[in-house]
Amino acid sequence: MKTVAFYDICGRIPNLALMKLSAYYKAKGYESVLCKETPPPSVRRHYASCVFHHPRANRALAALRSCLGDDLVTGGSGVNVNLKLPPEVDHCFPDYALYGWHRYALGFLTRGCNSRCPFCVVPEKEGRLIENYADFDDFVPAGQQNVMLLDANL
C-alpha cells in the first residue's frame, strides 16, 4: 500500500493542516501515518508542519531534512507564512484518526484578521478577515459536543 508520513513538529494540539492532508491522501487510496521518528520504508511522501518558529522546531526540521532531503515537504507558519494548502486539501474534512483524537473537533469559522498587532503573523499569512470561511459541518464529526475554534477573531 502507498503510505504518506506526517510529522507534527511543534504541536500541543493536533495539527489541522496535517489532518486535512491525511484526509486528502486517504481519499486517493494512501495510508497515513503520524511519525515521531524514522518512518516505515514503504513511505512515498513526507509532510512536516511547524506552526511556530522557535529553535527547537528548527532543529527538528533540520534533522528531518538531513534524513529525508528533497523528499520532505514542509509547511506551516513556523516555516513560511506564504505557503497555503491547496483549496482541494483545505476543504477536506479533517482526519482525526491520524492522531487518534476524539476529545474535541478543531477548525476555523473565519480566517484572516483586520488588526495589525506587531507580534502576529495572521494578517501577513491570511490577509484581511474572511467571514463565513467554513461551517461547523466542515470540521465537526457527528455527535462531537466539544469544539476548539482556532479563529484569530474571537
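Scoring rules and cut-offs
Residue positions within a chain follow its written sequence, with the count starting from 1. Given that this is a predicted model, residues contribute local features only at a pLDDT of at least 70 and side-chain atom pairs are listed and counted only at 80 or more, while totals for whole chains, interfaces and linings are drawn from all residues. Note that water and hydrogens are dropped before the side-chain values are worked out from all heavy atoms of the structure. Per the convention used, a helix needs a DSSP run of H or I reaching at least four residues, while a strand needs a run of E reaching at least two, with both numbered from the N terminus. Given the number of residues in a helix, its expected span is that number minus one, multiplied by 1.5 Å. Partly exposed describes any residue whose relative accessible area lies between the buried limit of under 20% and the exposed limit of over 50%, with all areas from a 1.4 Å probe on protein chains only and scaled to the type maximum. To be clear, the arc concerns the directions from the helix axis to the C-beta atoms. Contacts are residue-level and defined by heavy atoms, with any inter-residue pair within 4.5 Å sufficient. In this description, strands pair whenever DSSP reports at least two bridges between them. When the strands point away from the viewer and the path from the first strand over the helix to the second turns clockwise, the crossover is right-handed. For the purposes of these results, a polar contact is taken to be a pair of N or O atoms within 3.5 Å, where, inside protein, one atom must be able to donate a hydrogen and its partner to accept one; residues adjacent in sequence count only when each atom of the pair is a side-chain atom. In this analysis a 1.4 Å probe is tested at points of a 1 Å grid over the protein atoms alone, and where it fits but cannot get out there is a cavity; an open set with protein on both sides within 12 Å along at least five of seven lines is a pocket; lining residues have an atom within 4 Å of a point. Grid points are joined across faces, edges and corners, and a volume is the space filled by probe spheres set on the points. Amino acid classes used here: Ala, Val, Leu, Ile, Met, Phe, Trp, Tyr, Cys and Pro are nonpolar; Asp, Glu, Lys and Arg are charged; the rest, including Gly, are polar.

Caption draft 1: Quick look at helix H2 (residues 55–68). When the terminal C-alpha atoms of H2 are compared, their 20 Å separation across 14 residues agrees well with the 20 Å that a helix rising 1.5 Å per residue should span. Among the residues of H2, Ala57, Leu61, Leu64 and Leu68 are the ones counted as buried. The arc enclosing the buried residues of H2, seen along the axis, measures out at 60°, which places them on a common side. Away from its buried face, by an angle of more than 90 degrees, H2 presents the exposed residues Pro55, Arg56, Arg59 and Ser66. Those residues of H2 that are buried lie in contact with strand S1 (3–8), strand S3 (43–49) and strand S4 (72–75). Two residues or fewer after H2 comes Gly69, characterised by a positive phi angle close to 60°.

Caption draft 2: Inspection of the pairing of S1 at higher detail. Extensive coverage of S1 is indicated by the burial of six of its six residues. Both faces of S1 are covered, namely the face carrying Thr3, Ala5 and Tyr7 and the face carrying Val4, Phe6 and Asp8. In this sheet, strand S2 (residues 31–34) lies alongside S1 in parallel orientation, the contact comprising four bridges. In the sheet register, Ala5 faces S2, and the bridge partner there is Val33. You can see the chain leave S1, run along helix H1 (residues 16–27) and come back into S2, and the turn it takes is right-handed.

Caption draft 3: A look at H1. The end-to-end C-alpha distance of H1, which contains 12 residues, comes to 17 Å, matching closely the 16 Å that a straight helix rising 1.5 Å per residue would cover. For H1, the full list of buried residues reads Leu16, Leu18, Met19, Lys20, Leu21, Ser22, Ala23 and Tyr25. Against S1, S2, S3, helix H3 (87–90) and strand S5 (105–107) lie the buried residues of H1. Where H1 begins, the side chain of Asn15 points an oxygen toward the backbone nitrogen of Ala17, at a separation of 3.0 Å. Phi turns positive, to about 95°, at Gly29, one or two residues after H1.

Caption draft 4: Unusual backbone geometry, seen in detail. Positive phi values are uncommon outside glycine, yet Asn132 reaches one of about 55°. When you line up the elements, Asn132 lands in the loop between helix H4 (122–126) and strand S6 (147–149).

Caption draft 5: Spotlight on the environment of Phe6. With respect to the secondary-structure elements, Phe6 resides in strand S1. Looking at Phe6, the relative accessible area reads 0%, which means it is buried. Considered as a pair, Phe6 and Asn82 are 76 residues apart in the sequence and their alpha carbons are 20 Å apart. Beyond its immediate sequence surroundings of up to four residues, Phe6 is in contact with Leu18, Leu21, Ser22, Tyr25, Ser32, Val33, Leu34, Cys35, Tyr47 and Leu98.

Caption draft 6: Local environment of the layout of surface pockets. Estimates place the volume of the largest pocket at around 1400 Å³. Lining the largest pocket are 45 residues, with Ala17, Gly76, Ser77, Arg111 and Lys125 sitting closest to its centre. Counting residues per element, the ones that place at least two in the lining of the largest pocket are H1, S3, S4, H3 and H4. At seven residues, H1 tops the list of elements feeding residues into the lining of the largest pocket. Tallied by class, the residues present in the lining of the largest pocket amount to 27 nonpolar, nine polar and nine charged. The computed volume of the second largest pocket comes to approximately 170 Å³. In this structure, the second largest pocket is lined by Tyr7, Asp8, Ile9, Cys35, Lys36, Glu37, Ala60, Ala63 and Leu64. Those elements that place two or more of their residues in the lining of the second largest pocket are S1 and H2. Top element by residues in the lining of the second largest pocket is H2. It accounts for three residues. Class assignment of the residues belonging to the lining of the second largest pocket gives a composition of six nonpolar, no polar and three charged.

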